[in-house]
Amino acid sequence: MPRRFNADLEWDALDPEDYCRKNYENIHENDAVFIVKLRDFFSSRLRGRTRLRGVDVGAGGNLYPALSMLPYCDELTLIDYSRPNIRWLLDHTTDYAPGRVDMTAWRQFWNVLVEDVSYARVPDPWRALRERSRVHRQSVFGLRPAQWDLGTMFFVAESISASEEEFRSAVSGFIDALKPGAPFVMAFMEKSEGWRVGERAFPAVSVCDSDVLDSMSRGAEVHELIRLGTGNPLRPGYSGMILVCGTKNPDHEGMGE
Ligand SMILES: C[S@@+](CC[C@H](N)C(=O)[O-])C[C@H]1O[C@@H](n2cnc3c(N)ncnc32)[C@H](O)[C@@H]1O
């Protein structure tokens, strides 16, 4: 019987170095579009704001969502459930020291972000990440409501289980954890058949844009949904990527179930 539910999967068997190399060593054409959308969306909503509290849920081996929140936050919480990913996140943020880890991949993303003035005002992004980040081992299914002013969750809700109910619950858990009115950006693999890191296979829920919109219909206003096909796929077994820029409804405390 294949493992279907989040709690049954071996998250501590993930290898973040391998994951990161495969997905982010060179900017994929879809990430190149998404990083610009992220930058421009947060900039349009938050330019001039500082001292906010941001969160990236299921941060794993990806720093670009965290970098996109950096100018606005004096506290940036990076959450994941996998112990090796927590170690990787600590190495790249709170424990960062020049020469200890290689930031070349992330410099490519930062170079796109600094084309906007809000980012250009951050003199040293690696130092800012070290000073502002907090890394927590936690589950998206257990977050306290209304904690953060802005947030990101990239390739998580559809990629951490094969259960449609858990997909919807991860989306609502993330949105609930934001304060009313908070801007957020979420990314999803479209029609994913699952993913691999090394020898390990992880399942996914096959979702399309209408599933994504349905999953957040009660708690959020969607400002933009971008769907990109797979010109140059990262791997077989998915049909594209979806990005959603939205805000949590101002009068919404929690979506509940
Ligand atoms: C497909 S990876 C996405 C990683 C990264 N956000 C990215 O953009 O590439 C899914 C991530 O979700 C994490 N994860 C799995 N179960 C989780 C849970 N219950 N709560 C939070 N994160 C979880 C995994 O450890 C992994 O880092």
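Residues numbered from 1 in each chain as written. Predicted model: local features only at pLDDT ≥ 70, side-chain atom pairs only at ≥ 80, totals over all residues. Heavy atoms only, no water.

Describing the overall build of the protein chain
Step number 1: A count of helices and strands for the protein chain gives nine helices and nine strands.
Step number 2: Radius of gyration (C-alpha) of the protein chain: 17 Å, near the 18 Å computed for a compact globule of 257 residues.
Step number 3: On the principal axes, the C-alpha backbone points of the protein chain span a range of 50 × 45 × 35 Å.
Step number 4: Buried positions account for 55% of the 257 residues belonging to the protein chain.
Step number 5: Long-range pairs, those at least 24 residues apart, make up 76% of the contacts in the protein chain with a sequence separation of at least 6.
Step number 6: Carbon together with sulfur atoms contributes 45% to the accessible area of the protein chain, which is approximately 11300 Å² in total. (Helix = DSSP H or I, 4+ residues; strand = E, 2+ residues; numbered from the N terminus. Rg over C-alpha atoms; globule rule 2.2 N^0.38 Å. Buried < 20%, exposed > 50% of the residue type's maximum accessible area, 1.4 Å probe, protein only. Contact = heavy atoms within 4.5 Å. Areas by Shrake-Rupley, 256 points an atom, 1.4 Å probe, with all protein chains shown as cover.)

Remarks on the pattern of salt bridges
Step number 1: For the structure shown, the criterion picks out 16 salt bridges.
Step number 2: For R39, the salt bridge is made with E115, and the minimal N-O distance between the two is 3.5 Å. Within this pair, whereas R39 is found in helix α2 (residues 29-46), its partner E115 is found in the loop between α5 (104-113) and α6 (117-120), the two being separated by 76 residues in sequence.
Step number 3: Under the relative-accessibility criterion, R39 is labelled buried at 9%.
Step number 4: Its salt-bridge partner being R53, residue E75 comes within 3.1 Å of it at the nearest N-O pair. Here the residue E75 occupies a position in strand β2 (residues 73-80), and R53 occupies one in strand β1 (residues 52-57), the gap between them amounting to 22 residues.
Step number 5: Look at E75 and you get buried, because its relative accessible area is 15%.
Step number 6: For R53, a relative accessible area of 28% corresponds to the partly exposed category.
Step number 7: Taken together, the shared-partner salt bridges connect R87, D91, D95 and R100 into one network. (Salt bridge = Lys/Arg side-chain N within 4 Å of Asp/Glu carboxyl O.)

A short note on helix α7 (residues 125-132)
Step number 1: Among the residues of α7, those classed as buried are P125, W126, A128 and L129. Angular distribution of buried residues about the axis of α7 spans 160°; they occupy a single face of the element.
Step number 2: Lining the buried residues of α7 we find α3 (64-69), β2, α4 (83-92), α5 and β3 (133-137).
Step number 3: The N-terminus of α7 is capped by D124, whose side-chain oxygen sits 3.1 Å from the backbone nitrogen of W126. (Arc of directions from axis to C-beta. Polar contact = N/O pair within 3.5 Å; in protein donor to acceptor, adjacent residues only side chain to side chain.)

What about the packing of aromatic side chains?
Step number 1: If you walk through the whole model with that rule in mind, you get 18 aromatic pairs.
Step number 2: Ring geometry for W110 against Y119: centres 6.0 Å apart, planes inclined by 70°, an arrangement best described as edge-to-face. Like W110, the residue Y119 is buried in the burial classification.
Step number 3: The rings of W11, Y19, Y24, Y64, W88, W106, F109, F154, F155, W195 and F202 are connected pair by pair, giving a single aromatic cluster. (Phe/Tyr/Trp six-rings, centres within 6.5 Å; stacked < 30°, edge-to-face > 60°.)

Considering the side chain of D80
Step number 1: Along the polypeptide, D80 turns up in strand β2.
Step number 2: Polar contacts involving the side chain of D80 include one to the main-chain amide nitrogen of G60, which spans 2.8 Å.
Step number 3: In contact with D80, not counting residues within four places along its chain, are G58, A59, G60, N85, I86, L89, H136, R137 and Q138.

Considering the nonpolar core
Step number 1: Counting residues in each nonpolar core, the largest one holds 85 residues, and the members touching the most others are F42, W106, F188 and M216.
Step number 2: Setting aside its immediate chain neighbours within four residues, F188 contacts F155, A157, E158, F167, V171, V212, M216, G240, M241, I242 and V244. (Core = buried A, V, L, I, M, F, W, Y, C linked by side-chain atoms within 4.5 Å.)

What to know about the site of the ligand
Step number 1: Around the ligand sit 22 residues in total, of which Y19, Y24, G58, D80 and F154 are the nearest.
Step number 2: In this structure, N6 approaches the ligand through a side-chain N or O atom, which is 3.0 Å from a nitrogen atom.
Step number 3: For the ligand, the accessible surface in isolation is 600 Å², of which the surrounding protein chains cover 98%.
Step number 4: In terms of residue class, the shell around the ligand is built from twelve nonpolar, nine polar and one charged. (Near = heavy atom within 4 Å. Nonpolar A, V, L, I, M, F, W, Y, C, P; charged D, E, K, R; others polar.)

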